[in-house]
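# Residue-level structural notes
Letter by letter, the chains look like this.
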Amino acid sequence: MIDLSEYEAGKPYKGRYKHDLAHLQAHLEQILVAHIIHGRRAVVMFEGWDAAGKGGVIQRLTAEWDPRHYEVYPISAPSAEEKAHDFLWRFRNRLPAAGNVTVFDRSWYGRVLVERVEGYASEADWRRGYDEINAFEAGLVEDGITLVKVFVHIGQAEQDKRLLSRLHDPWKRWKTGADDYRNRARRAEYLAAMHDMFARTDTGGTPWIVIDGNDKKAARIAALKAISRQLEASVDMTPPPLDPELARIAHEALGVEV
């Protein structure tokens, strides 16, 4: 059972952050190349509190990736067209092609989180949402898609500190709004919804990764390590052999042994 109160220690990162981050990013680049070579598909989705640091993790996750083979989708309120379909429709339309990775900054779990707490979905709809989500995720796995689910958690004090910093820094003000404070006021309700979500959707096939986000550097390293473990577990990481014919052509062109 996942208990978010166990992810609030916020211990500072003790390693060589820049060195360790660069090492992880280089490995993540190799993982994406393996997906490209073998035509594998993956979805990495993020949930968590406002100002928890999801964007910072995503930025560092994709820093060394070939932009032709991944897409990041920030998920906000559904459009009029999206509302005309079931709540999973807009996610089905954004699933990756072979050899690609899709990253969702927020996800279909909005049905059982914000839509539940804010009353955008009826109780019958959000309760039914758990089964719909589990079936959707099982379908992704059956279709050969690796699904990585990441939840970034922060305590109330740390969230308040970050929200305040967004007001003080004029170049960060675009990142905050009234919704942040409306959600903050209902933290207890969100916590209850989150714990229900974990209890009902932390399945063996698609388990949750919960990250203590109270220290940004430690959170980024922990998240990238966990994501890389899940992604590489489902793809052959053996690099392709050198084509002898290509080696011959290169030797003739470059005048050196390859």
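Summarised in this report is the structure supplied together with it. What you are looking at is a predicted structure, and each value in this text was computed from that prediction instead of being measured.

What counts, and where the lines are drawn
- Residues numbered from 1 in each chain as written.
- Predicted model: local features only at pLDDT ≥ 70, side-chain atom pairs only at ≥ 80, totals over all residues.
- Heavy atoms only, no water.
- Salt bridge = Lys/Arg side-chain N within 4 Å of Asp/Glu carboxyl O.
- Buried < 20%, exposed > 50% of the residue type's maximum accessible area, 1.4 Å probe, protein only.
- Pairing = 2+ DSSP bridges.
- Helix = DSSP H or I, 4+ residues; strand = E, 2+ residues; numbered from the N terminus.
- Axes fitted to C-alpha atoms, helices over the stretch in contact; angles between N-to-C directions.
- Contact = heavy atoms within 4.5 Å.
- Phe/Tyr/Trp six-rings, centres within 6.5 Å; stacked < 30°, edge-to-face > 60°.
- Lys NZ or Arg CZ within 6 Å of the ring centre and 35° of its normal.
- 1 Å grid on protein atoms, 1.4 Å probe; cavity = no way out; pocket = protein on both sides within 12 Å on 5 of 7 lines; lining within 4 Å.
- Points joined across faces, edges and corners; volume = space filled by probe spheres on them.

## Description of the pattern of salt bridges
- By the definition in use, this model includes 20 salt bridges.
- In this structure, the salt-bridge partner of Glu-189 is Arg-186, at a minimum N-O distance of 3.0 Å.
- On the accessibility criterion, Glu-189 (39% relative accessible area) is partly exposed.
- Several salt bridges share partner residues, and in doing so they unite Glu-47, Asp-50 and Arg-106 into one network.

## Notes on the sheet that holds strand 5 (residues 208–212)
- Across the sheet, five strands lie side by side as 2-3-1-4-5; this open sheet has parallel pairing. The outermost strands of the open sheet, each flanked by one partner alone, are strand 2 (70–74) and strand 5. For this sheet the average axis-to-axis angle between neighbouring strands, irrespective of direction, equals 20 degrees.
- Contacts from helix 9 (residues 187–201) reach strand 4 (145–153) and strand 5 within the one sheet, and its direction differs from that of strand 4 by about 150 degrees.

## Points about the packing of aromatic side chains
- This model, assessed by the stated rule, comprises 14 aromatic pairs.
- Note on Trp-65 and Tyr-70: the rings are 5.7 Å apart at their centroids and 65 degrees apart in plane angle, and the pair reads as edge-to-face. Each of the two residues, Trp-65 as well as Tyr-70, counts as buried.
- In this arrangement the basic side chain of Arg-116 is found over the ring face of Trp-126, its NZ or CZ atom lying 4.1 Å from the centre.
- Between Arg-187 and the ring centre of Trp-49, over which it is positioned, the NZ or CZ distance is 4.0 Å.

## Remarks on empty space enclosed by the protein
- Summed over all chains, the structure comprises one cavity of 30 Å³ or more.
- Roughly 40 Å³ of volume is contained in the largest cavity.
- Lining of the largest cavity is provided by Ala-52, Gly-53, Gly-56, Val-57, Val-152, Lys-216, Ala-219 and Arg-220.
- Elements with a minimum of two residues in the lining of the largest cavity: helix 2 (54–61) and helix 10 (216–232).
- Here the element with the most residues in the lining of the largest cavity is helix 10; it accounts for three residues.

Any functional reading would require information that these geometric values do not contain.
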